[in-house]
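# Chain and residue survey
One letter stands for each residue in the lines below.
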Amino acid sequence: MFHGPAQSFAQQARLAVWLSLIAGYTNALTVLLCGQVTSHLTGAVAKFGVEAASGNLAVAGYFFLLVAVFGGGAFAAGVLLELGRVRGANSIYMLAMAVEAALLLGFTVLVDWHAVGKLPPERAQAWLTLLPAFAMGLQNAAITRISGGVVRTTHVTGVVTDLGLDLARLSFGWLGLGRRLAPARARQAKWRTVLLATIPLAFAVGAALGTIVFAWWTEWAMAPACAALVAVVVAAALAPVATVALRPTANEVGDAVAWFRAEPPPGCKQFHLPDVSTWSSQLPANVHVVVLDIAAMADMVPRTADELRMLQQHLRDEGRHLVLANLVTTQLETMEDAGVLLDFDADDLCGEAATAQQRAQWLLAHRHAWGRTAK
């Protein structure tokens, strides 16, 4: 059995917007406290060059350390995400977000100490910027890994660049001047554009909220952001996860095909599929075709359909193939509504177990051909 939810586009979008708001909030406080941004490094790198050239080595060293600490947070995120994957956590990002919540809680205490004069003035600049910089590096790396590089949450330069490119492509499609996308693909592109436009807005709203709360409640201004991040962690920990269990079969295909049956939690219509990286990493090396029986998921929602697409793509990247068995019409309609139906070969969507077995046999017989196509 494998546990731990995959990250669908809808989940990634909610997480990205929420974290962008927290990043904007945190960044506003470091600017108000020290006049230094901590959620991105462009300005810090420029100041490092200027100060080094001017001979201000101590100041240049501070900016170098700020960049190094942000990078250290990104490294820590990679380690924590791998630990979550290996341990089969309920969410691969839960551990990283829990560590970030602890770091921001520490930052909250430092802000309070600074407000009441307990933080030595000569150390205030370092503590009030290095700790949140580490947290922001961790957050940005985590969401980058989870989204496959689609979004960032602690800076908006790349996001606005992608937004401009996507708007240009969509505009040409609307005007009939460019390649027209299939309706499902066009819907996906539109939602991605909406997400890219929402992230800078969320960052700005977070910065505005941080400024307002800081003026009103200086000592514990970071407390709302910490509470919001804790809510993200708790929600991930409590999210219901489907069980995907190996199903014994008496077929003639052999060990090269693994049959699994997905079972949603009792009484739950809103649930996650297991994390795809954990799911596939525990498959034996000799398994080339995975058949997933989803008869028990007749009421699946678009988010689950998106997770099935992610599973298919992940298995394809590993040189394996996914076949869905016991599909019904309502599931196909949900997959179409989610914009993922065109990502599957029609022959891999089987209404009966016998048809799925025949497809698996055909895939094994032609494995070298589709293996080259997958690569």
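Everything discussed here concerns the structure shown above.
Description of the structure in this document. (Residues numbered from 1 in each chain as written. Predicted model: local features only at pLDDT ≥ 70, side-chain atom pairs only at ≥ 80, totals over all residues. Heavy atoms only, no water.)

### Remarks on helix 11 (residues 329–337)
Taken residue by residue, helix 11 has Q331, T334 and M335 as its buried positions. All buried residues of helix 11 lie within an arc of 100 degrees about the axis, which places them on one face of the element. In helix 11, the exposed residues that point more than 90 degrees away from the buried face are T329 and D337. Buried residues in helix 11 make contact with helix 10 (302–317) and strand 4 (321–325). Just downstream of helix 11 lies G339, where phi reads positive at about 80 degrees. (Buried < 20%, exposed > 50% of the residue type's maximum accessible area, 1.4 Å probe, protein only. Helix = DSSP H or I, 4+ residues; strand = E, 2+ residues; numbered from the N terminus. Arc of directions from axis to C-beta. Contact = heavy atoms within 4.5 Å.)

### Some thoughts on the sheet that holds strand 2 (residues 257–263)
Pairing is mixed in the open sheet, where four strands are placed in the order 1-2-3-4. Unpaired on one side and paired on the other, strand 1 (243–246) and strand 4 mark the two borders of the sheet. Mean inter-strand twist for the sheet, computed between neighbouring axes without regard to direction, equals 30 degrees. Alignment of strand 1 against strand 2, held across four bridges, turns out to be antiparallel. The residue bridging T243 from the neighbouring strand is E263, located in strand 2. (Pairing = 2+ DSSP bridges. Axes fitted to C-alpha atoms, helices over the stretch in contact; angles between N-to-C directions.)

### A word on the packing of aromatic side chains
Within a pair of aromatic rings, the relevant descriptors are the distance that separates the centres and the angle that separates the planes. Under the counting rule described, the total for this entry stands at three aromatic pairs. For the ring pair W216 and W217, a centre distance of 6.2 Å and an interplane angle of 55 degrees mean the geometry is tilted. Taking relative accessible area as the criterion, W216 reaches 71% and is therefore assigned exposed. (Phe/Tyr/Trp six-rings, centres within 6.5 Å; stacked < 30°, edge-to-face > 60°.)

### A look at the nonpolar core
Soluble globular proteins tend to pack their nonpolar side chains together in the buried interior. Ranked by size, the top nonpolar core spans 51 residues in total, and within it M97, F107, L128, L138 and M222 carry the most contacts. Only helix 1 (9–34), helix 3 (57–87), helix 4 (94–116), helix 5 (121–146), helix 6 (157–175), helix 7 (183–216) and helix 8 (223–238) provide two or more residues apiece to this core. Per element, the largest residue contribution to this core is 10 residues, and it comes from helix 1. Setting aside residues no more than four positions away along its own chain, L128 makes contact with T30, L33, C34, F107, L110, V111, H114 and L119. Grouped together as the second largest cluster of nonpolar side chains are 25 residues, L273, M335, V340 and L349 included. (Core = buried A, V, L, I, M, F, W, Y, C linked by side-chain atoms within 4.5 Å.)

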